[in-house]
Amino acid sequence: MAQSLQERWKRWQHGLVQSLLHYHGREDHATVRVLLLASIGTVGMPLYYVIWQSFFPQEYESLSLRLLGILLCALGLFARQFNRRMLHLYLLVTLSYIFPFFFTFMFLMNHASGVWSESLLVGLVVLFHFDTGLALTAYLTGTTVACVAAVMLGEGETLLSAQVLQQLPIHLFTIAALSVAKISRQVLAQEKLAGLGAGLATVAHELRTPLTSVDANVRGLLRVYAEAGNRTQEDRLGAIDALARIQFEVRHMNHMIDLFLLSATAVRQNLRPVEKVTMEGVVEAALKRYPFPNATQQKLVTLEVRRNFIFAGQTELSVVILLNLLRNALKAVQRAGKGRVRIVVDGAHSPPRLLFIDTACGIPAQQMPMIFRRFYSHPPHNGAGIGLALCEEIMHAWNATIHCVSREGAYAIFILEFPQQQPIPR
């Protein structure tokens, strides 16, 4: 029952995030924030007037100030009709009035009560989630006007009381912490952009070579057919070979696009194990889908089934894992100029496991702790660094493990171990 409630909660969270992302995609980001703020304020202002007036009466309350706040929030519901300048002006006025002025004024007029002390702190947190320059301007303007108004109404003594002054360092710390957090988010955004750039560079690199090959073969065919009167049997065989090469390169590009799309989709989708998968079947499917450039490379890969086994996972994600491992292994063989790849299905072992072995260049010992780190690739510029990180993330979601043992210049063995399931009869 608890698991069911947890799953429902996660599904609700996922649905809410997707709805907000979809909404943000259709609206300007600033407009969305204004609409959300206006909606909350239009409901919250009258609601909390009733709460603090009737259920938990406070020393001071003002219906006129509340009504002005409701009016400002209600205007924000028409933010779609604002141009950018009007939107910025509206934000400055509304933020200055509601968070610094209204909350500070009510805090002072209620003699620094606990309710308004906490309310003011929450208001500052909300305020400084907006642009820092805008928030600082609103904070200084609204707080100054609130203090002047309180003094004019005879609350100057309260303004200089210990209860009020001790809030100042707390507020300054809150503002500083939120400003640093926003800088951290900006750094994270830059890292994401860098990761996106690396991924796009990898796609460009992977597709540029086959496209160059296609271009060369097409130019060769054009040359052959331009000399149609002098064609020989050798020319015709060359044309057939060029067409076959073009067909292979197109298939290879389609495969690379499929692999990148599968990896990108896997990051966003639910990774939970939802089906029973046979390891031998998944390995054979991956080998059929991999675009070996020629029969020679295909013969470098051998499959050894000591004993087949079933594991809880997802077929398509299993193929993603195997294609990433196979691609890395064949790249290592290519870099080393030697070696072979051996895939071992070992269901007789406890726990059941899959071994991915290449006898190519191996992995340096100092690089081993980092190979599963997202955006790390070795050698540098050898990819986007997301393949092995994604493999590990999927395996963990299945309560399985993946690790590597290697000796530089000799071999690398990726070991995938799965929870015990019912064995498949031999």
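Source: prediction; values computed, not measured.

What counts, and at which threshold
- Here the residue index of a chain counts from 1 through its sequence in written order.
- Side-chain atom pairs in this predicted model are given and counted only at pLDDT of 80 or more, local residue features only at pLDDT of at least 70, and totals for whole chains, interfaces and linings cover all residues.
- Only hydrogens and water are set aside when side-chain values are computed; all heavy atoms of the structure are taken into account.
- A run of DSSP states H or I qualifies as a helix once it reaches four residues; a run of E qualifies as a strand once it reaches two. Both are numbered from the N-terminal end.
- Only protein chains enter the area calculation, which uses a 1.4 Å probe; residues under 20% of their type maximum are buried, those over 50% are exposed, and those in between are partly exposed.
- Residue contacts follow a heavy-atom distance rule, with two residues in contact if any of their heavy atoms lie within 4.5 Å.
- Any pair of nitrogen or oxygen atoms within 3.5 Å is treated as a polar contact; in protein, a donor-acceptor pairing is required on top of that, and neighbouring residues in sequence qualify only through side-chain atoms on both sides.
- UniProt positions are given in the numbering used here, feature names are shortened, and annotations may be inferred rather than shown by experiment.
- Take the buried residues of types Ala, Val, Leu, Ile, Met, Phe, Trp, Tyr and Cys, join any two whose side-chain atoms come within 4.5 Å, and each joined set is a nonpolar core.
- Two strands form a pair only when DSSP identifies at least two bridges running between them.

Concerning the overall build of the protein
Next, step 1: Counting its regular elements, the protein contains 14 helices and seven strands.
Next, step 2: In the protein, buried positions account for 41% of the 426 residues.
Next, step 3: Within the protein, residue pairs in contact and separated by at least 24 positions form 74% of the contacts whose partners lie at least 6 positions apart.

Considerations on the side chain of Asp346
Next, step 1: Along the polypeptide, Asp346 turns up in strand 4 (residues 341–346).
Next, step 2: Given a relative accessible area of 7%, Asp346 falls into the buried group.
Next, step 3: Within polar-contact distance, the side chain of Asp346 engages the backbone nitrogen of His349 at 3.4 Å.
Next, step 4: Filtering out sequence-adjacent residues up to four positions away, Asp346 remains in contact with Arg306, Arg307, Phe309, Pro352 and Arg353.

Considering the environment of Thr158
Next, step 1: Its location among the elements puts Thr158 in helix 7 (residues 156–159).
Next, step 2: Look at Thr158 and you get buried, because its relative accessible area is 10%.
Next, step 3: Taking the C-alpha atoms as reference points, Thr158 and Ala112, 46 residues apart in sequence, are found 7.9 Å from one another.
Next, step 4: Beyond its immediate stretch of four places on either side in the chain, Thr158 contacts Leu108, His111 and Val164.
Next, step 5: Among the polar contacts made by the side chain of Thr158, one reaches the side chain of Glu155 at a distance of 2.7 Å.

Considerations on unusual backbone geometry
Next, step 1: Look at the link from Ser350 to Pro351: it is a cis peptide, with omega at 0°.
Next, step 2: Looking at the element boundaries, Pro351 is found in the loop between strand 4 and strand 5 (353–358).
Next, step 3: Unlike most non-glycine residues, His111 shows phi in positive territory, near 55°.
Next, step 4: On the secondary structure map, His111 appears in the loop between helix 4 (84–109) and helix 5 (114–127).

Comments concerning the UniProt feature "transmembrane region" (unreviewed entry) in the protein
Next, step 1: UniProt marks residues 30–51, 63–82, 89–108 and 120–153 with the feature "transmembrane region" (unreviewed entry), using the numbering shown here.
Next, step 2: As annotated, residues 89–108 comprises 100% helix and 0% strand, and the C-alpha atoms at either end are separated by 27 Å.
Next, step 3: In this annotation, residues 120–153 is assigned 85% helix and 0% strand; the end-to-end C-alpha distance for the span is 20 Å.

A short note on the nonpolar core
Next, step 1: By size, the foremost hydrophobic cluster in this structure holds 46 residues, and its most contacted members are Leu326, Leu354, Phe356, Trp398, Phe414, Leu416 and Phe418.
Next, step 2: Counting only elements with at least two residues in this core, the list comes to helix 11 (279–289), helix 13 (315–336), strand 4, strand 5, helix 14 (387–397), strand 6 (401–407) and strand 7 (411–417).
Next, step 3: Looking at which element gives the most residues to this core, the answer is helix 13, with twelve residues.
Next, step 4: In terms of nonpolar packing, the next biggest core, distinct from the first, is built from 45 residues, Leu65, Leu95, Leu108 and Leu120 among them.

What about the pairing of strand 3 (residues 310–313)?
Next, step 1: Here strand 3 shows a clear split, with Phe311 and Gly313 buried on one side and none of Ile310 and Ala312 buried on the other.
Next, step 2: In this sheet, strand 3 lies alongside strand 1 (residues 275–278) in antiparallel orientation, the contact comprising four bridges. Counted as the bridge partner of Thr278 is Ile310 from strand 3.

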